[in-house]
Amino acid sequence: MNLEITTTGRIVVLVTFVAYIIAVTLIGVFANRAAKKQAAEGYTGGFFAGGRGLGGLALGMMMMATLLSSGTFVSSHGMIYKIGLSYATICLVAHFSLILSLGGTGKKIGIIGRRTGVVSFIGLLKNRYNGSKALVVVLALPMVIFLVCYSASQVVGGARVFEVMTGGSYWVGLLLFGAVIGVYTLLGGMKSVAATSIFQGFVMIAAVVALVFGYSSYIGQHYGSLTNVVSSLAESEQTQYMLAPTGALTAPVLISLIVMFAISSVALPHVAQGNLAYKNTKSLKTAVVAGSISSVIVYLALLLVGVIVRVIAPDMTVSDYVTPYLSFLTMPSPLVGVMLSAVASAIQSTVASMLLVICAVICKDLYKDVIRPDASEAQIKKITPAVLILTCVVVLAISFNPPDAVQVLVNFAVGGLASALLFPLLLGLYWKRGNEYGALAGVISGFVYYILASSVCKGLAFGLNAFIPAVILSGLLMVVVSLATPKPPLGVVQVWFGKTYDHDFAHRN
């Protein structure tokens, strides 16, 4: 990054960031105290689903903060800088992800969660598919693998931004991000994640508003207007490079990525998990409005960051540094510290939600429901911290050798999760005929095909992102196998699609 930054400036940024870290930790402590008073749903219900008591603002900001990750603040703009404006179309469709996940499937997931008492994503699908333990095991594999990869991409982005903005070591930033996320997630579970997300959401909004004023002022002084910036780019030799898909990002790959990010949020477990935690329908509607408005503000404000930096500094070697570069160039040091805090907010809230899902998969779905059905709440409470800490260690280990562009890892993880989970979730919610055999076929085929098409045998992707053929195969096999095997039990159909149902059947393990 060819930008001289004074030692005083870096110190101010670091002090601001430390103040943010202290605030987040204190919020986690208070959330922990509140969580201890939440006894109605027991430890698992309180820790993994927030006692089903999240209000509209808390849920909306939590979902917004969860969906806005390091990709929103760092790697997406790095990809726009590196590849061109064509990649911005992917960012645009992401505006609708919160509306789709909360407004599209959120209401029914919340209703079923209350009917059945489930507190996890896998628990939801297990109940829908006739209590199949085989499905639990099959679901756990892609969820843990891809969520760990996704989490690693987030802390890598945070550590890189920490390194650039403070002058500190990448490894220090990595450990700091991992430690803070682990501490406040462990302190209060979903309650802590929701409470910190409200604060983090406002930090993100404040940071992007400050950046917009900063780069607008800079552009006005040096280029006259944003139109002149774009014109300058159009008149340069980079025109074709910036406007058309190039290299590995061919038009078919770009279109398939747009489709993937448009619909994948519905099937992301850490997003669906939040739908189990809202208080009532009024809270859900408030969450859709508050979260959507907030996320659109952030997305639109940051959309042109990569383009602006491409004009100002066309020879940047690490594309993930575009946001730190523009922040230092156009804002005073205290506000740069706020921007670093905003990046941390986006990353920490996303990873914290993923950690909750991974812990729920291992502690509740595998240990409690499959390995030791007689395990008590006290035993689950005992092993959860160990699982969370071990997961953090694995995430940090993967982060020691990251790819040049973090977004590559993000795309891989999102595509893998959606390939395996999209149709089992959607058809489970809205198709009565779907059964456990079809769900097994859908999860296994989507997962295996995606791995093969994205790494071992890329020809299976047919020039597209591997998600497209993998998810199509998953959906087709689920439908065919479901129709060729017995119908789901009447009790399942009543619980998931009827107005009246057997309460004891709904709460079966």
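Values in this document were obtained by computation on a predicted structure and should not be read as measured data.

Some points on the overall build of the protein chain
Here is step 1 of the chain: The number of helices and strands found in the protein chain is 24 helices and zero strands.
Here is step 2 of the chain: Long-range contacts, defined here as pairs at least 24 residues apart, represent 85% of the contacts in the protein chain between residues at least 6 apart.
Here is step 3 of the chain: Per element, the accessible surface of the protein chain, about 18,700 Å² overall, is 68% carbon and sulfur.

Things to note about the state of the cysteines
Disulfides are covalent bonds that link the sulfur atoms of two cysteine residues.
Here is step 1 of the chain: For the structure shown, the criterion picks out zero disulfides.
Here is step 2 of the chain: Of all cysteine sulfurs in the structure, the one in C359 sits closest to C363, which takes part in no disulfide; the separation is 5.3 Å.
Here is step 3 of the chain: Note on C392: no disulfide assigned, nearest cysteine sulfur contributed by C359 at a separation of 7.9 Å.

Some details on the nonpolar core
Here is step 1 of the chain: Grouped together as the largest cluster of nonpolar side chains are 142 residues, with contacts concentrated most on F73, V309 and M339.
Here is step 2 of the chain: No other element matches the 18 residues that helix α9 (residues 133–166) contributes to this core.
Here is step 3 of the chain: For V309, the contacting residues outside a window of four places in its chain are Y81, P314, M316, V322, Y325 and L326.

So, unusual backbone geometry
Here is step 1 of the chain: Notably, N130 is not glycine yet its phi reads approximately 60 degrees, a positive angle.
Here is step 2 of the chain: Along the polypeptide, N130 turns up in the loop between α8 (121–128) and α9.
Here is step 3 of the chain: A residue is classified by how much of its surface remains accessible, and N130, at 31% relative accessible area, is partly exposed.
Here is step 4 of the chain: At F462, a position not held by glycine, the phi torsion is positive, near 55 degrees.
Here is step 5 of the chain: By the secondary structure assignment, F462 is in the loop between α21 (436–456) and α22 (467–484).

The rules behind the values
- Residues numbered from 1 in each chain as written.
- Predicted model: local features only at pLDDT ≥ 70, side-chain atom pairs only at ≥ 80, totals over all residues.
- Heavy atoms only, no water.
- Helix = DSSP H or I, 4+ residues; strand = E, 2+ residues; numbered from the N terminus.
- Contact = heavy atoms within 4.5 Å.
- Areas by Shrake-Rupley, 256 points an atom, 1.4 Å probe, with all protein chains shown as cover.
- Disulfide = S-S within 2.5 Å.
- Core = buried A, V, L, I, M, F, W, Y, C linked by side-chain atoms within 4.5 Å.
- Buried < 20%, exposed > 50% of the residue type's maximum accessible area, 1.4 Å probe, protein only.

By themselves, these observations are geometric and do not establish any function.
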